[in-house]
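Here are the chains, one letter per residue:
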Amino acid sequence: MRIALTAFVLGLAILAGACAAANPNRSESKPNPVEPSAPGGSRPSTVADTTAKTTTDGSNSPTSVDSAQNNAAAAERKIIKNATLVLDVSKPDLAQQKITALAEAKGGFVVSTSAVRSGDGTDGGALTITVVARVPSNQFEATLTEIRATALHIREEKQTGQDVTAEYQDLDARLRAQQALEAQLLEVMKQAKTVEDLLKVQSKLADVRGEIELIQGKMRLLANQASLSTITVTLAEPTPLLGTTTGFWASLKSAFGDGLSVATAILLFLIRVAVALAPIVVLIFLPIGLLWWYLVRRWRRAWTARKLAKQEMERVVATETDRGA
C-alpha cells in the first residue's frame, strides 16, 4: 500500500509538469450552457447560427469577428512602458511641483525626487531635479504630452516597451497546473493510512504550495509593472553661453598659465618619483652597495698582502743569491 501510494504521488507530479510544459498557453474551456427549447419544439439560434446569418446578411463578416477578437487580445496584452526625459526649464522647483500634481491627477504617484546644485552648493549654482513618477499605462502618452509642455527645450527623450504577455500566460498556465496538483495531493492525503505516507504527501504538498506562492509573486510583479508605467524626468536650468576673450595679452596669459601648469606637473612628477624610489634605494640598493664595497675592500687587502709577500720573497732570494756568489 505504501509503495503504491508513493508511486501515485510521483505520477501526479510528473503528469502535472508534463501538462504545463506541453501546453503553457492553454485556456480553460467552459461548456456552453444549454438553453431550453422554445415552445413548439423549435431550437433557439446558437452562436454558429447567428454567425451564419450575419455572414449571409453581410452586416457582420468573419473578418469583423476576427478583428474584434484581435482587439480584445490586444487589450489584454501586458506591456511594460518606461520613459526618460531631460528637460530645460526656467524654474526646476516649480516644474517639479507641476509634474507631481500631474502624476497624482492621472491616478499615479511620485516614487522619488532628488535635487543637486552644481558648484559649491550655494544659491549661485545651477539646480537639477530628478523626478521618478508612475502613472497608469492608459495615461502614459497623455502624461508625457503634458510633461513636454512644461519644458523650454527637450534635451533628451527615450521610451522603451517590453511585452511580457507570453511570460505572464506561461506563469498562469504553470499556476493552474500547480493548483490542480495541490488539489490532487489533498485528496491523496485524505486516503493516507500511515503516518509515513502522510508525511510524504505533506512534504510534496509544501513544495507545491511554495511553487504556487513564487508564481503568484512573479505574476503580481508583472501585472504591477504593466499596469503602471515609469517616467523619469530630469529638470535642469538652461546652460548659459559664456563669452570668450581673445587677443594678444589673453593668449599670452593663457600660454603662461599653461607653461606654469606643465612646470608644476613635471616638478610634482619628479618629487613623486624620488619619494617612490627612496624605499627601493634604502632597502635594496644600499645593502647591495655596502656588500659590494666590503667584498672589494677585502679583495684589495688580500691582493696587496700577496704582492708584498711576493716582493719580500724576491728580495730574500736575491739576498741569498748575492751571499752565495
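Here goes a summary of the coordinates provided. Here, residues in each chain are numbered from 1, in the same order as that chain's written sequence. This being a predicted model, a pLDDT of at least 70 is required before a residue's local features are given, and a value of 80 or more before pairs of side-chain atoms are given or counted; all residues contribute to the totals for chains, interfaces and linings. To obtain the side-chain values, all non-hydrogen atoms of the structure were included, while hydrogens and water were left out.

**Let's talk about helix α8 (residues 248-324)**
1) Next: Strands here mean DSSP runs of E at least two residues long; helices mean DSSP runs of H or I at least four residues long; both are numbered from the N terminus. Working rule for helices: expected span equals 1.5 Å times residues minus one. The end-to-end C-alpha distance of α8 is 100 Å, clearly below the 114 Å that 77 residues give at a rise of 1.5 Å each.
2) Next: At valine 281, α8 is deflected by roughly 45°, the largest bend along its length. Given a residue, its bend is the angle between the two axes fitted to the seven residues that end at it and to the seven that start from it.

**Some words on the pattern of salt bridges**
1) Next: Any Lys or Arg side-chain nitrogen located within 4 Å of an Asp or Glu carboxyl oxygen qualifies as a salt bridge. All chains considered together, the criterion is met by 10 salt bridges.
2) Next: As a salt-bridge pair, aspartate 88 and arginine 155 come within 2.5 Å of each other at their nearest N and O atoms. Highlighted residues: aspartate 88 in strand β1 (residues 79-88) and arginine 155 in strand β4 (residues 153-163), separated in sequence by 67 residues.
3) Next: Each residue is assigned to one of three classes by its accessible area relative to the maximum for its type, calculated with a 1.4 Å probe on protein chains only: buried under 20%, partly exposed between the two thresholds, exposed over 50%. By relative accessible area, aspartate 88 is classed as buried at 9%.
4) Next: You can call arginine 155 partly exposed: its relative accessible area is 40%.
5) Next: Residue glutamate 312 pairs with arginine 315 through a salt bridge whose shortest N-O separation is 2.2 Å. Placement of both glutamate 312 and arginine 315 in helix α8 is noted, with a separation of 3 residues, approximately one turn of the helix.
6) Next: On the basis of relative accessibility, which here comes to 48%, the residue arginine 315 falls in the partly exposed class.

**Notes on the environment of leucine 87**
1) Next: On the secondary structure map, leucine 87 appears in strand β1.
2) Next: In this structure leucine 87 comes out as buried when scored by relative accessible area, which is 0%.
3) Next: Through-space distance from the C-alpha of leucine 87 to that of glutamate 237 is 8.4 Å; in sequence the pair is 150 residues apart.
4) Next: Contacts are assigned to residue pairs that have any heavy atoms within 4.5 Å of one another. For leucine 87, the contacting residues outside a window of four places in its chain are Ile147, Thr150, Ala151, His153, Ile154, Val233, Thr234, Leu235 and Ala236.

**Looking at the sheet that holds β1**
1) Next: The 5 strands are arranged β2-β3-β5-β1-β4 in an open sheet whose pairing can be described as mixed. Here the strands that pair on one side only, and so sit at the sheet edges, are β2 (109-117) and β4. In this sheet, adjacent strand axes meet at a mean angle of 10° when their direction is disregarded.
2) Next: Contacting β1, β3 (127-136) and β5 (228-236), helix α7 (residues 195-227) crosses the sheet at an angle of about 50° to β5. The criterion for strand pairing is that DSSP finds at least two bridges linking the strands in question. Here an axis means a line fitted to C-alpha atoms, over the contact stretch when the element is a helix, while the angle between two N-to-C directions is reported on a 0 to 180 degree scale.

**Details of the packing of helix α6 (residues 165-190) against α7**
1) Next: Remark: α6 packs on α7, axes separated minimally by 9 Å, with the N-to-C direction vectors making an angle of 155°. Viewed along their axes, α6 and α7 adopt a mutual orientation that is roughly antiparallel. Both α6 and α7 take part in a crossing whose hand is left-handed.
2) Next: Classification convention: Asp, Glu, Lys, Arg as charged; Ala, Val, Leu, Ile, Met, Phe, Trp, Tyr, Cys, Pro as nonpolar; all other residues, Gly among them, as polar. Here the contact of α6 with α7 is built from residues that sort into 17 nonpolar, 4 polar and 8 charged. Any angle that falls under 35 degrees is termed roughly parallel, while one over 145 is termed roughly antiparallel, one within 65 to 115 roughly perpendicular, and all others oblique. Crossing handedness follows the turn of the near helix against the far one: under a right angle anticlockwise gives a left-handed crossing, and clockwise gives a right-handed one.

**A word on the nonpolar core**
1) Next: Residues grouped as a nonpolar core are buried Ala, Val, Leu, Ile, Met, Phe, Trp, Tyr and Cys residues, joined through side-chain atoms within 4.5 Å. One finds Leu85, Leu87, Ile147, Ile231, Val233 and Leu235 to be the most contacted residues of the largest nonpolar core, which totals 20 residues.
2) Next: Sorting the residues of this core by element identifies β1, α4 (92-105), β3, α5 (140-149) and β5 as the ones contributing at least two each.
3) Next: By size, the runner-up hydrophobic cluster in this structure holds 14 residues, among which are Leu185, Val201, Val208 and Leu222.

**Some remarks on the side chain of aspartate 197**
1) Next: Mapped onto the elements, aspartate 197 comes out in helix α7.
2) Next: Classification of aspartate 197 as buried rests on a relative accessible area of 3%.
3) Next: Within the structure, the side chain of aspartate 197 is placed 3.0 Å from the side chain of threonine 194, a separation counted as a polar contact. Think of a polar contact as two N or O atoms within 3.5 Å of one another; within protein, one of them needs to be a possible hydrogen donor and the other a possible acceptor, and neighboring residues in sequence only count if both atoms come from side chains.

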